[in-house]
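Chain and residue survey
Each chain, letter by letter, is given below.
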2 protein chains.
Amino acid sequence: MHIEKHVSLNLNVRGLGTSATLAINERSKQLQREGKTVYRLGLGQSPFPVPVPVVDALKLHAHEKDYLPAKGLPELREAVAGFHQRKDHVDDQPDNVLIGPGSKELMFLLQLAFYGELVVPSPCWVSYVPQAQIIGRRVRIIHTSFEDNWRVTPRQLEQLCDSENDVYRPRILVLNYPSNPDGGSYTSGELQKIAEIARKYDIILLSDEIYGQLHHKGEHISVARFYPEGTIISSGLSKWCGAGGWRLGTFTIPHNLDWLMETMAAMGSETYTSVSAPIQWAAVRAFKGGIRIERYLWHARRILSALGSSCVETLTAAGVRVHPPDGAFYLFPDFSPLKERLAKRGIHDSVGMCNQLLADTGVAILPGVVFERPAEELTARLAYVDFDGARVLSASETIPLDEPLPETFLATHCGRVLEAMDQIADWLDA
Amino acid sequence: MHIEKHVSLNLNVRGLGTSATLAINERSKQLQREGKTVYRLGLGQSPFPVPVPVVDALKLHAHEKDYLPAKGLPELREAVAGFHQRKDHVDDQPDNVLIGPGSKELMFLLQLAFYGELVVPSPCWVSYVPQAQIIGRRVRIIHTSFEDNWRVTPRQLEQLCDSENDVYRPRILVLNYPSNPDGGSYTSGELQKIAEIARKYDIILLSDEIYGQLHHKGEHISVARFYPEGTIISSGLSKWCGAGGWRLGTFTIPHNLDWLMETMAAMGSETYTSVSAPIQWAAVRAFKGGIRIERYLWHARRILSALGSSCVETLTAAGVRVHPPDGAFYLFPDFSPLKERLAKRGIHDSVGMCNQLLADTGVAILPGVVFERPAEELTARLAYVDFDGARVLSASETIPLDEPLPETFLATHCGRVLEAMDQIADWLDA
């Protein structure tokens, strides 16, 4: 955006660009319109369709027109509480649940309501920090490392809390697992240790578990089990239910934090009012779950798990270092081992690397810097979602769930993603 | 809400309550659950169903799951531009259109992006001022009078601009017509004079025309015709299309204000992302219009016009002063002529008056103070919408549009509203 000289803009938002993930999506589409082959591994959108019973529920409730309560439709709050009880073995009740137009909006309201510091381990999802910038709030980034699986360590947390003569500064720590951008998760033991430290320093955990149901083995564990009194679980329809464009997110907020819940609901009522009524009614069906939705999830997990492994294999063979994913549909490869080779081609940072890759091969991935990594670090996020989810799901449904996918499956159904990996490998080798 | 002592809340949002209109809705429902007869004239929700072709369009697009562009679905931006060209005779193009999850959210983003002062004539809609409070921005209220039909006068505007040695302070003036809370509108001549002053002082007009299509004679005129370069038209599906609960609002922003458009879209992409995809696809059908939707509007207007007149008649006969409405479904009666009578019953302000009325008669209306009127002024907003819109619409459809509604029509189909007026009259007479 070009801003004219004489405008009256809030300094916090001057020069704010479109979210990086949406921007890559729009740029990829533009290149495609120009006739270029583009491998769209930029935008992190679930490739799978919304499950049929959920689409049917939306049709059934298409006439619903009433303004709903700011906190959400009571039936939906009940279904979401049940979902977390069932899936996460936590004791959430309907009055712990807040419904919003996407968990991103709820995170924004949380930051706007809370007067304290946001602590974010990096690499992290692209919107936490711009939201803080819009509000004018300070963010503390904790840089994690490849060696630590891109996970924040209890020791790092403790150091941060002890570092500034302000041990009890009000803080929210964001945990996101399975993680965007790296697909990694925490072990139960790691979560317990983090919970201990959070309790010791009175830190609120914002546990972004939007990919929880896309843990590839179905073994997601919420940190709320170990720190129920201080954990907000963030979830929604966007990822496990394939309904990113529907815009429905959920928070479960413990009673200790009722002051945040009430303030956020009041702010919601003065801004978005409530979430779209037909969408909320349809979401009841999604969160109630059942065998058809479980089967959909098991198929989705099997496909993503196989595809993630295959990508890791190709990239590793090409000399990139990358962790096999635990969930979601992302990898966060580190091209540093090939640093010298890339430097000879004039590539010295992640933005340059991704731009050159896109120009040379049509493979669109996002540079590490947008995930708050150092600019010179040669990392990037790769979303292995450029396939026709509906078709792949149908194909998977013909193969019993207790069998692995046949060897030819990925090549037949997710060929573009495999091709993109080969393109990256060839490009590195060139 | 009761806030505990030790919480870390942003001072701007401490103690923020639920929006007054939503609160009265929840209180009315509570009283009904307790078995009391409640006349729900509090919440300003359209009583009419969403037109059938629009509901059908939502069903047809229920599977749409992609994240849409932050500014809105291109097809919808085109339809909205066409709508304003057709209805308002303005030259809006698709790239002037911004789609949001309700026009309320867009107004919030506008206030957050703009660094200047909000000028609001009172009585005004309930959320402009709390939004400014959340952001920490200053609001200038201009009190209008019953004698001026609750309309801001060009003279008042000019006085405000000349008053503080800061003629060119960046300002947004909110105009809302047909108006919530009083149902009044501006004449073409009045709008031209306001446009002249806005141009002279470089004021941005936020023209809230969400009730434009509910002008009872279908004669709504947009101020954008007289000040296209500085007017943002705010509209959406909530009122004329009966789809308040769907949450879709629109802004048309002139190119002069591209800096606001781009900043708002960027903020949208970092908060709500985009508006629900199935809802946007359905809205295309609504904004494209056509004969079925026009007929729906003509019936709705005929019903609201007749009912508004009938309410004015009863209230006037009871000694209240109130202007006949030009549009929407509100009246803003002033009970001041009965001040002494009410004082004898211990009623000295609008909150006391509305609480007593609700307790004695079950008629729920909103006190003038929530529309930024002085607390002691005995005004209130009355939304004459407590009837079954689908049934009344069907009944109206059996009567040719060039005939007036028969005398018994309102008593047969909108009995509760008439009864509520009688209750108010009896209560005043008691």
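Worth saying up front: this structure is predicted, and the values here are computed from it rather than measured.

Turning to the relation of the copies chain B and chain A, a few remarks are in order. Overlaying chain B with chain A gives an RMSD of 0.0 Å, the required rotation being 180° about an axis along which the chain moves by 0.0 Å. In the structure described here, the two chain copies are related by an operation that fits a two-fold rotation axis. The C-alpha atom lying nearest the rotation axis in chain B is that of Lys59 of chain B; the distance is 2.3 Å.

Attention shifts here to the pairing of strand S3 (residues 117–122) of chain B. Residue and element names in this part refer to chain B. Burial within S3 is extensive, with six of its six residues counted as buried. Across the two faces of S3 the burial is the same, with Glu117, Val119 and Pro121 and Leu118, Val120 and Ser122 all buried. As a crossover connection, the stretch from S3 through helix H5 (residues 128–135) into strand S4 (residues 139–143) is right-handed.

With 70 residues of chain B at the interface, the matching set in chain A holds 70 residues. Contact between chain B and chain A buries roughly 5,800 Å² in total, counting both sides, with carbon and sulfur atoms accounting for 61%. Of all residues in chain B, Lys65, Tyr67 and Glu270 of chain B give up the largest surface area on contact with chain A, accounting jointly for 16% of the area buried on that side. Across the contact surface, chain B and chain A share zero salt bridges. For the interface between chain B and chain A, the tally reads 40 residue pairs in polar contact (both at pLDDT 80 or more). Contributions of two or more residues to the side of chain B that touches chain A are made by helix H1 (20–33), helix H2 (52–60), helix H4 (103–113), H5, helix H8 (258–270) and helix H9 (277–288) of chain B. Element by element, the count of residues in the side of chain B that touches chain A is highest for H8 of chain B, at eight residues. Residues that form the side of chain B that touches chain A fall into these classes: 37 nonpolar, 21 polar and twelve charged.

Time to look at the domain arrangement of chain A. Residues and elements named next belong to chain A. Considered domain by domain, chain A is made up of domain 1 (20–49 + 292–429) and domain 2 (66–289). Look at where the C-alpha atoms of domain 1 and domain 2 centre, and you get two points 26 Å apart. Contact with domain 1, which involves 33 residues of that partner, is made by 36 residues of domain 2. Summed over both sides, the interface of domain 1 with domain 2 buries roughly 3,100 Å², with 59% coming from carbon and sulfur. Linking domain 1 with domain 2 are two salt bridges. For the pair domain 1 and domain 2, the interface holds 19 residue pairs in polar contact (both at pLDDT 80 or more). Counting only elements with at least two residues in the side of domain 1 that touches domain 2, the list comes to helix H10 (291–317) and strand S9 (330–331).

Rules behind the numbers
- Residues numbered from 1 in each chain as written.
- Chains lettered and ligands numbered in written order.
- Predicted model: local features only at pLDDT ≥ 70, side-chain atom pairs only at ≥ 80, totals over all residues.
- Heavy atoms only, no water.
- Least-squares fit on C-alpha atoms with pLDDT ≥ 70 in both.
- Buried < 20%, exposed > 50% of the residue type's maximum accessible area, 1.4 Å probe, protein only.
- Helix = DSSP H or I, 4+ residues; strand = E, 2+ residues; numbered from the N terminus.
- Right-handed = clockwise from strand over helix to strand, strands pointing away.
- Contact = heavy atoms within 4.5 Å.
- Buried area = accessible area lost by both parts, 1.4 Å probe.
- Salt bridge = Lys/Arg side-chain N within 4 Å of Asp/Glu carboxyl O.
- Polar contact = N/O pair within 3.5 Å; in protein donor to acceptor, adjacent residues only side chain to side chain.
- Nonpolar A, V, L, I, M, F, W, Y, C, P; charged D, E, K, R; others polar.
- Domains from an automatic or database assignment.

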